[in-house]
Structure formats: C-alpha cells, structure tokens
Amino acid sequence: MADQNGVFMGMDLRCQVNNHAHRTEEMDMERLLVRRGQSFSLALQCSTTLPPKHKLAMILHLGKEGEVVVKVLDARAGSDKWWIRQQGAQSEVLLTVHSPADAPVGLYSMTVLHLSPDGHILEQTTPETFYLLFNPWCKADSVYLPDEELLEEYILNENGLLYQGSWDQISSLPWNFGQFEQDVVDICFEILDNSPAALTNPEMDTANRADPVYVSRTITAMVNANDDRGVVSGRWDGKYDDGVPPTRWTGSVPILRRWSEAGAQRVRYGQCWVFSGVACTILRCLGIPTRPVTNYSSAHDTDGNLNVDYMYDEQLESVSEGRKDMIWNYHCWVESWMDREDLPKGYDGWQALDPTPQERSDGVYCCGPCPVKAVRDGDVGMKYDAAFVFSEVNADLVTWIVHPDGQRSQVSLNQKTVGQNISTKSVYGDYREDITKHYKYPEGSVKEREVYEKAGRRVTQPNGGPGQLELKIKHAQAILGTDFDVIVEVHNVGGEDTPAQLTVTSNAVTYNSLHRGECHRKTASLTVPAQKAHKEVMRLRYDHYGACVSEHNLIRVTALLQASGQPEVVLQEVNIQLSMPQLHVKVVGDAVVSGKLIAHISFTNPLPITLRGGVFTVEGAGLTAAREIQAPGDIGPGQEVKVKLSFKPTRAGLRKLMVDFDADRLRDVKGIATLIVRNK
C-alpha cells in the first residue's frame, strides 16, 4: 500500500465466489479467472470510510510488458466499456467490475486507486492479476453458444473421443483434453505469447486477442512446430526414436507441459489426431466452444485441381512424381463456434480449423477458421482456406495406369469415395454423431451438382461405359497377429467367356497413405465364363505383413484386371484395418478426493513373436498426471503381463483413466477405466 496514513489495508479477489460464477473453479480456486462480458467482485479492506467526494478508480495493464493500459472509472458506462460500481459496508468496499464482451483475453494486472476530489492519486493497492477468458455464456460475446448441453461438452468436458480407423470400420480413441488441469491456462497464453505476431508486434497482437477468429487462427499455426516456436513436431515415417511415438500419447496435458518446461521447444512427435487433440484443449481452455472432427477418406489435393490422381505402372507400382496427391484413411481437425464479423452475413457458427501442417496459408502452416457453411455451399473464396477444406471432403479419386511408352489411361473414377462419415463425439454420451450433412449435400443430389459448379469444379467423366468385367474385394475381420484370407471376385457380366490377367498386391500403409512395404503379391491368368464369377484367394500370413505393418495396422489390397487383347482395365482397392487387442484396466478402492486408489492393468500379447521394451503410459484429468511404467521384461507370444499403480484423485466428478501400451513391434494398445470421484 502507498503509505501508513492511507485508507487501503488489503484486497480480497474473492476467487472462490467469482470462479464459481464464471465456471472456472475447476481450473483454480486460488487465482482469479473470469470471463468477459460478466461482472466480478472484489472486497477492498479499508481502515476507515472514504472521505466525501473522494473516488476510486482502477488501472488495468495487459500484455507481457503491460503495453495495453485501461483506465476504469467509478461510473456506469456502456456494455462496450470497463467500469466499476462500489458499495460501502463498514470497513469494506465491495467493488463490482464490469468488463466488455469484446475485451482482449489475457492476463491482466489490476491496481485500485484512491483519488482526491480533483483527481490526484492519493494511494494505490499492490497490483493483483487475473485471467480474462472468452465467454460463450454471454450473449454479447462473439463465441456465444445458446445451449447449455453443448457448452457442457464443448467447453467443460475434459475427456473426449477422437475417431480413427476407416469409413467402414470406425474406431474411437479416448483422449484426455485436461483443459482445467493445473497451469494449462498459463501454457495456453504462453503459446499465444510465442507466436511470430506477438514477438514482432506485441501491442497489436494483444489488441487482436479480442477476436476469436484471430486467436483460433494463431492457435492452428502454433500447435504445429513447422514455422515458429510451435508445440508439436509432426512425423509420419515411423522413426520416432528421438521422441515419443504419436500413438503413445493419451492426452494433451503432458505435451503442453513438456513444451513449456523445455522453454517453448517443440515436442516430438504428433500426427493429425494429436494436433487436433492439443488444439481442442487450448481452445476450450480459452473459452471458445470446440469439438474434434474426423473426416474419413480425406483428400489431400496438393495441386488444387479438386482431383486426387493416383498413378500406377502395369505392375501396380506407384509412379507418381513430386508431391503426391493422397487420400488419408481419416483426417482429424477441430471445429470452433464463433461469429464471423469479418465475412458477409450467413457464415457464423461452426468453423473448421486444422492444425496439422499440410499446406501453407498466407505463407504459414495453418488452416482456418473456415465456415463449415461455406464448404457445404461451395463458397471456396471465403476465408480462410475454404478451397482446401472443400477439396478434403469433395475431391474425385482418379486412378491412371502409365504405360511403358509414357501414355496414361484412366482406369477408374470415384466421385463418392472422398469425405465420408464425418464424425464427432455426441454431447449425449460416448457415441458417434455423424455431421457429414453440415459439410456436403447428399451424394448425387441436384444441390450437390450446383455446389460443384459454383466451386468451379471440372466434372470428370469416366472413360466409356461399364465394361463386361467387374471386380470385388472381400475379407473377413482381420485380427493383428493372425493369418487371414482376402477374396478377389471377378464377375463377367457379358455374353462371352473372357480371358484376363489379374494382379493383386497387398501393402502395409500408414493412415495417410504412405507405403511401408509390400506384404504379398499374386498374379493369375484366368478365363471367366460368361455370366459367371471367378474367385481368387490370397492368404495373408503374419509372416507377410508383420515386419512391415505400420503403427496404424493398415493393409491396402489393390487388384488390377486386364482383359487379354483388349484395352479394358479394371482396378479396385480396399483398406483393411487390423483389429487390435485391448488393455484391461480395473480400479480398486473408494473413489474420493485425496483417497488412495490402485489401478490394475493387464495385457496379453496377441502376436506370434516376443515383444520387447514394453511401456505403459497412464494419465487422467483430475486423477493423475501422466506416468510411465516399464513392462517387467520381454513378453512372449500369448503371455499375459500385469502391472499396477496407485494414485490419489485431485478433483471430484466423472473421471477417466487412460492407459496406452507400446512395445517394439506393437503400438497403440489402449484401455480405459471410468470412475465417479466424490468429495470427502
């Protein structure tokens, strides 16, 4: 305080009352965390009442160096201004602070001033700090979402599901967002402070943090470490020895803490679901309603022609040159809810944001926010990056055979492959909600064709009509570690017996279509009788695929059929997702805050080989920070291994304990236990 003759004796930030009212009590009860556009109160302890005509005022500083200064007067002002109201009560003054709903978010420093009647500062309090966050409960905030059930999920839920697998075999990965875990809010603002804009022009960056469009776009650039002091380094080649394999992470918090503790050094390694999980944590923490989204058969169109072109030679070897167009088995991004005051009317609501580094936008690896309505309606000129997102869910898949003379012939055109079963977790429980209709009109509808035309899409035509030979690929459920059959059926729908050459290859691939090696190949000369079918069986043994299968456990089977002496070529392709074992997780004990619980984890090796270097990773928001437990020695084929760990829950409520197991030849084995923790 200023001097011993002063009036001020201390200030109570009333953290418990304020944080509860602002729905931030899960973050912290010792520090003040409030949401903009909603008042909060402070108790100013005084030695005596203020003399007549003396006034109180407040000075706020925002920014790393306090670059932005706000003077708050004791007078009612409009909703777009800061103002304070005071109520005297014996030796205390209750100050109610009103913040505008478009104030920049960040860490504010606050000082209360005692002013003489002529405006001179007589004394001031010691500066106190508070965080101001976006407020989706406030009508005047541009992230306002008028649905309590949606806010419960998209702001307050610390656990969720990220969808993986393939369009016809969807799997879910439990993820610990942990946006209210200790110090996560500090790390989120530290990430913003390390953006190139904040480092080069901090004053302008601080002012721009009033805008969720600016903040969310900055986050998509900062979650990947491609251009800046970003959080996660992406890697897809299977070489993760100098970091953590992307499949090992079970949540965002260990990644964020590792980045912060290392002084803004990138964390190795992530892939699309890791980038989306981390972005979802940050955006929810800042107060922007956010949900993770998965697009199946997601196109990565490198040349912007709205086609994904696959090139093969006659032996089914890929001959694409340079940067290849690709179809990812699935691709994860996030959607955030906000108004788009920077765009014409009609584009408010869900915005797609993609933090995975794929293509540059304005010279930086980031994507969005892109209005989902603009994608659905083919408004590809809307910022940001609508053309790229439109292509991810709408591109045509065109397959070409390149002949020895360099000529190429189109062998298949698929206009329905890309952009299927677009998924997010339901707000009503742990099951999938399909949101494809938000991104595209029904396949084949008049509206869909209108949108393609509007987007400037060149409608690709198939070569000629359907031929007399047709191909189908079938398989039973394939389990990792076992042998299984793939059946290729050749149907002759014509009126003549037809000789043909069939080539079938199986390749280990990653979820984003990178080849890791050929597993098996089969060729056959056959004659298919008119109106009949021929079945060719290819047995895939673990010996074929075990050494080259990726951590995503995907086998791509491609069949090429060429009628003898005719130009007709037919190509079919399927992705086979190998089923994984699960960990068994059982928690024993009375689930109360600070009470001891024991988790029993067991795993049985499903492979016909010995696993080495096994490690279990365990974490859970409100339960335990991330911990690693080494498996006790090598694990032989069919052998069961058991480990246990004790922990003490820190917060009450519905909590989930996530467990991952990784070894040298098997990764991404998951398990989960759900428990309800009570207060003592």
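Residues numbered from 1 in each chain as written. Predicted model: local features only at pLDDT ≥ 70, side-chain atom pairs only at ≥ 80, totals over all residues. Heavy atoms only, no water.

- Identification of the protein chain as protein-glutamine gamma-glutamyltransferase from Coregonus suidteri is taken from an unreviewed UniProt entry.
- The heading Sequence similarities (unreviewed entry) in the UniProt record of the protein chain holds the text "Belongs to the transglutaminase superfamily. Transglutaminase family." (UniProt positions renumbered as here; feature names shortened; annotations may be inferred.)

### Comments concerning the nonpolar core
Item 1. Grouped together as the largest cluster of nonpolar side chains are 62 residues, with contacts concentrated most on Phe603, Phe616 and Phe661.
Item 2. With five residues, strand 31 (residues 554-563) is the single largest residue contributor to this core.
Item 3. When neighbours within four sequence positions are excluded, phenylalanine 603 is seen to be in contact with Pro581, Leu583, Leu611, Phe616, Ile635, Gln639, Glu640, Val641, Phe661, Leu666 and Val669.
Item 4. One finds Met27, Leu173, Ile187 and Phe275 within the second-largest nonpolar core, a separate group that totals 61 residues. (Core = buried A, V, L, I, M, F, W, Y, C linked by side-chain atoms within 4.5 Å. Buried < 20%, exposed > 50% of the residue type's maximum accessible area, 1.4 Å probe, protein only. Helix = DSSP H or I, 4+ residues; strand = E, 2+ residues; numbered from the N terminus. Contact = heavy atoms within 4.5 Å.)

### Observations concerning the UniProt feature "binding site: Ca(2+)" (unreviewed entry) in the protein chain
Item 1. In the numbering used here, UniProt assigns the "binding site: Ca(2+)" (unreviewed entry) feature to Asn394, Asp396, Glu443 and Glu448. On the basis of their most widely separated C-alpha atoms, the annotated residues across 55 residues gather in one place, lying no more than 13.5 Å apart. As for the largest cavity, its lining draws on Asn394 and Glu448 from among the annotated residues.
Item 2. With respect to the element layout, asparagine 394 can be found in helix 10 (residues 386-394).
Item 3. Mapped onto the fold, aspartate 396 is located in strand 22 (residues 396-402). (1 Å grid on protein atoms, 1.4 Å probe; cavity = no way out; pocket = protein on both sides within 12 Å on 5 of 7 lines; lining within 4 Å.)

### A closer look at the environment of lysine 81
Item 1. With respect to the helices and strands, lysine 81 occurs in the loop between strand 5 (68-73) and strand 6 (83-89).
Item 2. Expressed as a C-alpha distance, the spacing of lysine 81 and histidine 98, which sit 17 residues apart in the sequence, is 7.9 Å.
Item 3. Among all residues touching lysine 81, those that are not within four sequence positions of it are His98, Ser99 and Pro100.

### A few points about the pattern of salt bridges
Item 1. The full count for this structure, using the stated rule, is 38 salt bridges.
Item 2. Between arginine 248 and glutamate 628 there is a salt bridge, with its nearest N and O atoms 3.8 Å apart. Taken together, the residues arginine 248 in the loop between strand 13 (232-234) and helix 7 (253-261) and glutamate 628 in strand 36 (residues 624-630) connect sequence positions 380 residues apart.
Item 3. Of the residues examined, arginine 248 reaches a relative accessible area of 18% and is grouped as buried.
Item 4. Residue arginine 432 is joined to aspartate 434 by a salt bridge in which the shortest nitrogen-to-oxygen separation is 3.2 Å.
Item 5. Overlapping salt bridges, with partners in common, bring together Glu26, Glu158, Glu181, Arg651 and Arg655 in one network. (Salt bridge = Lys/Arg side-chain N within 4 Å of Asp/Glu carboxyl O.)

### A few points about the sheet that holds strand 39 (residues 669-677)
Item 1. With respect to topology, four strands assemble into an open sheet ordered 36-35-38-39, the strand pairing being antiparallel. Two strands lie at the open edges of the sheet, namely strand 36 and strand 39, each paired on one side alone. The average undirected angle you get between the axes of adjacent strands in this sheet is 15 degrees.
Item 2. Relative to strand 38 (residues 653-662), strand 35 (residues 615-620) is paired through five bridges, and the arrangement is antiparallel. Bridged to phenylalanine 616 within strand 38 is phenylalanine 661. (Pairing = 2+ DSSP bridges. Axes fitted to C-alpha atoms, helices over the stretch in contact; angles between N-to-C directions.)

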